[in-house]
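Descriptive structure summary
Single-letter residue listing:
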Amino acid sequence: MHSLRKIRAFFIFIVLVPSVFIIVYQFLSLAEHKNLIEDTYREQLKTILYSVNQNTRNIIESWIALYRRSVTIAGRQSAEEVQKAIDDFLTIDSEIVAVIRFDRNLDYFEFNRKEATHIDRDFIFQQLKNENIKASLRKLAQLHEKQFLTFEPVYVAGDSAHESLIFILFTREMPKGAPDYAGFILPANAVIENMLAPEMRRVAGSDFVLTCFQSEDSRPVYSTDDQLSNVFDLTNKLWIMPGFQLGIRLEIAELPGLLREQFQRTVWFLAFLSSILVVAAFLIYRTIRKEIYLAQLKSDFISNVSHELKTPLALIRMFAETLELGRLQDEKQKQEYYEIIGHETERLSHKVNNILNFSRMEAEKKTYSFQRIDLNEIITKLIHNYAYHIENNGFKLEKDIAPAPLIMHGDSDALIEAFINVVDNAMKYSKEEKFLRISTSQREKHIIVTIEDHGIGIHKEHQKRIFEKFYRVSGALIHETKGSGLGLSLVQHIIDAHKGFIEVKSEPAKGTIFRFIFPVAD
Ligand code: ADP
């Protein structure tokens, strides 16, 4: 159907194409979102790691500022005053256990330590010859020349006799005669426990795990989590302890995992949405297709019915006109014409009845008046009334009526209506061999009526559907024979009301047998 194809195209372009476009767009932007979230997350991790470094840097900067204010300025005066200022400096609450002051070539080396510590002066002095420290000192000197006052942390691994230490080295303002460098000595353990750990715990909160580990072998030295693990989302150098790193990861689950889950959920949701869309589109399409089909049926019905009524009307008119003109002298012929008019009128009223009955049936207003009846009588009457019409149309009529009455509960008018429809069909759908056989019989508690023709037959796939209203088999005879497609649906309704069954046995090009089976009346 042309309009159906149009609707299909309309659906595809107006509904499906934009929906598919939106869904694909959603998929693509989902991936983009994922990247954006991942980037934001990495930025957040970076900031957290940066804040730990910045915090220790700030603390150390404040110590150096204090030292410079009290000691370097004091250093312009006597040696005793310097000593006194350093001793005072060492009493501040810090992790610094010793202060050293020394010259570039180590001719001058002065060592002051906090009371109650066992830092070994010689060990410290030896360390200053260490290549690591020398490199840091050279760098500091260069920066100092550019008027850039900064400081360098150096990690000194301990041995069996000494604990690991951190040297914070910086240049002094170097008035004439003053030593070139100064440095704070801090035990690595104290730095981790008192400076790093509290800050790491603060920034980690309950969402992240922060771990400080050795760069060389990834060995963790402190973690905010009880389980020391070295799986991280991001790592960064730990400024105050060269050779160590900070690692961070999300506590609850890996972010990529969370993202994947969310991604999958969204994908499922979109898939669900699209299937609903497809189902909805299909349902709407089906409804429209049905509506169009019904509209088509309606218009076919009207044209079929008008054609069906036209033929008997034309006949009646023709014979009536002939009679009216008074040209016929032969009484026998006149009689024959009257009979034809009578039969055709009957056929016409049968057709009109069919339509009226159908509309009653549709409105569920069709009523039956049941009585005890003899089905043999009904069939005999039908044959008597129809024999002329049947034989006149070139049909060979065979009848086989059961000898005994066939008593059942039924509505004779309705049953006659039903059988006429079937007989009519047998005549309409026979082409070459014009044969009709009507028989009645009783088998135990059942009364059986068969109406057989040798016509065009009905293909198996249509045999069930011919009882649907308006249904007509599209075949060779459909255009030649007029029909409304109502006959058999009416037959079905009548037989159902009689608690009967219909069996169809048919083979294309061979013929059809309709069997009607009714219960016998008690
Ligand atoms: P219609 O008004 O078209 O005859 P019916 O409901 O009486 O409508 O029949 C439905 C269809 O079943 C017919 O269009 C025809 O194709 C098919 N049919 C009915 N009876 C016969 C038959 N005896 N032989 C072949 N086809 C038949």
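All values derive from a computational prediction rather than experimental measurement. (Residues numbered from 1 in each chain as written. Predicted model: local features only at pLDDT ≥ 70, side-chain atom pairs only at ≥ 80, totals over all residues. Heavy atoms only, no water.)

**As for the nonpolar core**
Across soluble globular proteins, nonpolar side chains show a tendency to be buried alongside one another. Of all hydrophobic cores here, the largest spans 47 residues; its most connected members are Phe184, Leu210, Ile240 and Met241. One finds Ile378, Ile383, Ala418 and Phe518 within the second-largest nonpolar core, a separate group that totals 42 residues. (Core = buried A, V, L, I, M, F, W, Y, C linked by side-chain atoms within 4.5 Å. Buried < 20%, exposed > 50% of the residue type's maximum accessible area, 1.4 Å probe, protein only.)

**Some details on the sheet that holds strand 8 (residues 234–237)**
One open sheet holds the 4 strands; their spatial order is 7-6-9-8, and the pairing between them is antiparallel. With partners counted over all chains shown, the strands left at the sheet margins are strand 7 (220–223) and strand 8, one partner each. For this sheet the average axis-to-axis angle between neighbouring strands, irrespective of direction, equals 25°. Of the pairings in the sheet, the one linking strand 6 (residues 208–214) to strand 9 (residues 244–250) comprises 7 bridges and is antiparallel in character. Bridged to cysteine 212 within strand 9 is leucine 246. Sheet strands in contact with helix 5 (residues 188–204) are strand 6, strand 7 and strand 9, and its direction is about 150° off that of strand 6. (Pairing = 2+ DSSP bridges. Helix = DSSP H or I, 4+ residues; strand = E, 2+ residues; numbered from the N terminus. Axes fitted to C-alpha atoms, helices over the stretch in contact; angles between N-to-C directions. Contact = heavy atoms within 4.5 Å.)

**Some points on the pattern of salt bridges**
For the coordinates displayed, the defined rule picks out 20 salt bridges. With a closest N to O distance of 2.9 Å, glutamate 110 and arginine 101 form a salt bridge. Residues glutamate 110 and arginine 101 agree in their burial class; the two are buried. Residue lysine 134 pairs with glutamate 131 through a salt bridge whose shortest N-O separation is 3.8 Å. (Salt bridge = Lys/Arg side-chain N within 4 Å of Asp/Glu carboxyl O.)

**Overview of the site of the ligand**
Asn425, Tyr429, Arg472, Ser484 and Leu488 are the nearest of the 20 residues found near the ligand. A distance of 2.8 Å separates an oxygen atom of the ligand from a polar atom in the side chain of asparagine 425. Between the ligand and the protein, one listed contact pairs an oxygen atom with a side-chain N or O atom of tyrosine 429 at 2.8 Å. When the free accessible area of the ligand is taken as 530 Å², the share hidden by the protein chains comes to 97%. Of all the secondary-structure elements, those providing two or more residues to the shell around the ligand are helix 9 (412–428), helix 11 (487–497) and strand 16 (511–519). Examining the composition of the shell around the ligand, we find that 3 residues originate from one element, helix 9, more than from any other. A per-class count over the shell around the ligand returns 10 nonpolar, 7 polar and 3 charged. (Near = heavy atom within 4 Å. Polar contact = N/O pair within 3.5 Å; in protein donor to acceptor, adjacent residues only side chain to side chain. Areas by Shrake-Rupley, 256 points an atom, 1.4 Å probe, with all protein chains shown as cover. Nonpolar A, V, L, I, M, F, W, Y, C, P; charged D, E, K, R; others polar.)

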